[in-house]
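Residue-level structural notes
So you can see what is in the structure, the chains are spelled out below.
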Amino acid sequence: MTIRLPDSKGGLRTYEPRPEPLAVTAGSPFTSRTVFSAAHVVADPYADVSPDSPAAVDWDATLAFRRHLWSHGLGVAEAMDTAQRGMGLDWAGAAELIRRSAAEAKAVGGRIACGVGTDQITAGSLEEVRTAYEEQLALVEESGAQAILMASRALAPAANCPEDYLEVYGHLLRQASEPVILHWLGPMFDPALDGYWGSSDLDAATDTFLDVIAAHPDKVEGIKVSLLDARREIDIRRRLPQGVRCYTGDDFNYPELIAGDEKGFSHALLGIFDPLGPLAAQAVRVLDTGDVAGFRALLDPTVELSRHLFQTPTRFYKTGVVFLAWLAGHQSHFTMVGGLQSARSLPHFARAYELADGLGLFPDPKLAQERMKNLLALYGVTQ
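Everything numeric here is computed off the predicted structure, so don't read it as measured data.

Describing helix α1 (residues 59–71)
With 13 residues, α1 ought to run about 18 Å at 1.5 Å a step, and its terminal C-alpha atoms sit 18 Å apart, in line with that. Turning to α1, its buried residues number three or more, namely Trp59, Ala61, Thr62, Leu63, Phe65, Arg66, His68, Leu69 and Trp70. Packing partners of the buried residues in α1 comprise β3 (35–38), β4 (75–78), α2 (91–108), β5 (112–116) and α9 (277–288). The distance from a side-chain oxygen at the start of α1 to the backbone nitrogen of Asp60 is 3.3 Å, and the residue carrying that oxygen is Asp58. Of the residues one or two after α1, Gly73 is the one with positive phi, at around 95 degrees.

Set out below in structure tokens:
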């Protein structure tokens, strides 16, 4: 069977879907890399809400998707930007997500780390930013999850110099009861974070970021770098204190960064591993055997899909992630909190479907094709 898909030039082309999915099975825990998937939230499609209302979440479907990731050996990075943090999910919703997901992780033995930010305030003084961070850090630690100190939209305008970042982060790291993951999210993911670490010069910002870690190496388990710049990540990775891990957040260059080189490698904390979960897990298990070529053979072909989903405006990659979860049968609808399902075009969805189908990501290709046809019909495309 075939399906007619729109292209970027306003025409239609015929595509023949893959008949069978990629064969993947759950296996033993990873031994060579620590791997987190940042996970999306599933909206309640029946909630009578507007795009600026507090998020209405389908908790059963949201937690079921996390169990899916854990079943393949992946850790879950919770309440991050992939979960539409600050783009439909407010702090009250994120707090409930953290509580529920941490409890579910404990019940099933899954690994979880949760985002700590300042999104209960929109702006404030350095003291108010510290207080907001402290509130969230306390909740994450009380839940039993590892903390991920995320970049703060409120801190960016409140900080006047690199020393302000050193003071705020130093205060938080001294308070943390367990080592945290320190997260640098670049402005391509969130324009409000331009100039983070006290400078729009990335070399100067990198120096400040590393100064924070060097001052508290015992409180930083790892860092997550989301700058979409492989060269810079490798440079940062090589400058880390011994024992501090680098978790790649580079959704453009992750295969080479995870594979590493003669001087080291990156672990992973990636939004693209939400739709790639089972395939990514299989690739890491191949890497565990020392077969770098086999790992790259599995993961390299996924980069085209990832670059498509994360194309500019990069922050709308969540729309593609949820779209693929719907096609894959992980949820019954394509509705997002904040109405973000409208953030990408029909040709974008068509190409995402084609690339994901070609990789064998859909457990039921016929279901994915049927749902894709339903979406196309909604836009007026007849088959």
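Section: the sheet that holds strand β6 (residues 146–149)
Reading around the circumference, β3-β4-β5-β6-β7-β8-β9-β10 is the order of the 8 strands in this closed barrel, with parallel pairing throughout. The sheet shows a mean angle of 25 degrees between the axes of neighbouring strands, direction not considered. This element, α1, spans β3, β4 and β5 of the sheet and lies at about 140 degrees to β4.

Regarding the side chain of Thr62
Turning to its location among the elements, Thr62 is positioned in helix α1. Reaching out from Thr62, the side chain makes a polar contact with the backbone nitrogen of Val42 at a distance of 2.9 Å.

Side note on the nonpolar core
Of all hydrophobic cores here, the largest spans 119 residues; its most connected members are Tyr169, Tyr196, Ile223, Phe273, Phe323, Tyr353 and Met372. Among all residues touching Phe273, those that are not within four sequence positions of it are Val35, Phe36, Ser37, Leu69, Leu74, Tyr254, Ile258, Ala268, Ala280 and Leu299. If you look at the next biggest cluster of nonpolar residues, it comprises 10 residues, including Phe36, Met80, Ile148 and Met150.

A few points about the side chain of Asp357
Checked against the element boundaries, Asp357 lands in helix α13 (residues 346–358). For Asp357, which is buried and forms no salt bridge, the nearest opposite charge comes from Arg18, at a distance of 6.7 Å. With near-sequence residues (within four places) excluded, Asp357 lies in contact with Tyr15, Pro17, Arg18, Phe362 and Pro365.

Brief notes about the environment of Met87
With respect to the helices and strands, Met87 occurs in the loop between β4 and α2. Along the sequence, Met87 and Leu340 sit 253 residues apart, while their C-alpha atoms lie 8.2 Å from each other.

Analysis parameters
Residues numbered from 1 in each chain as written. Predicted model: local features only at pLDDT ≥ 70, side-chain atom pairs only at ≥ 80, totals over all residues. Heavy atoms only, no water. Helix = DSSP H or I, 4+ residues; strand = E, 2+ residues; numbered from the N terminus. Expected span 1.5 Å × (residues − 1). Buried < 20%, exposed > 50% of the residue type's maximum accessible area, 1.4 Å probe, protein only. Contact = heavy atoms within 4.5 Å. Polar contact = N/O pair within 3.5 Å; in protein donor to acceptor, adjacent residues only side chain to side chain. Pairing = 2+ DSSP bridges. Axes fitted to C-alpha atoms, helices over the stretch in contact; angles between N-to-C directions. Core = buried A, V, L, I, M, F, W, Y, C linked by side-chain atoms within 4.5 Å. Lys, Arg positive; Asp, Glu negative; His and termini not counted. Salt bridge = Lys/Arg side-chain N within 4 Å of Asp/Glu carboxyl O.

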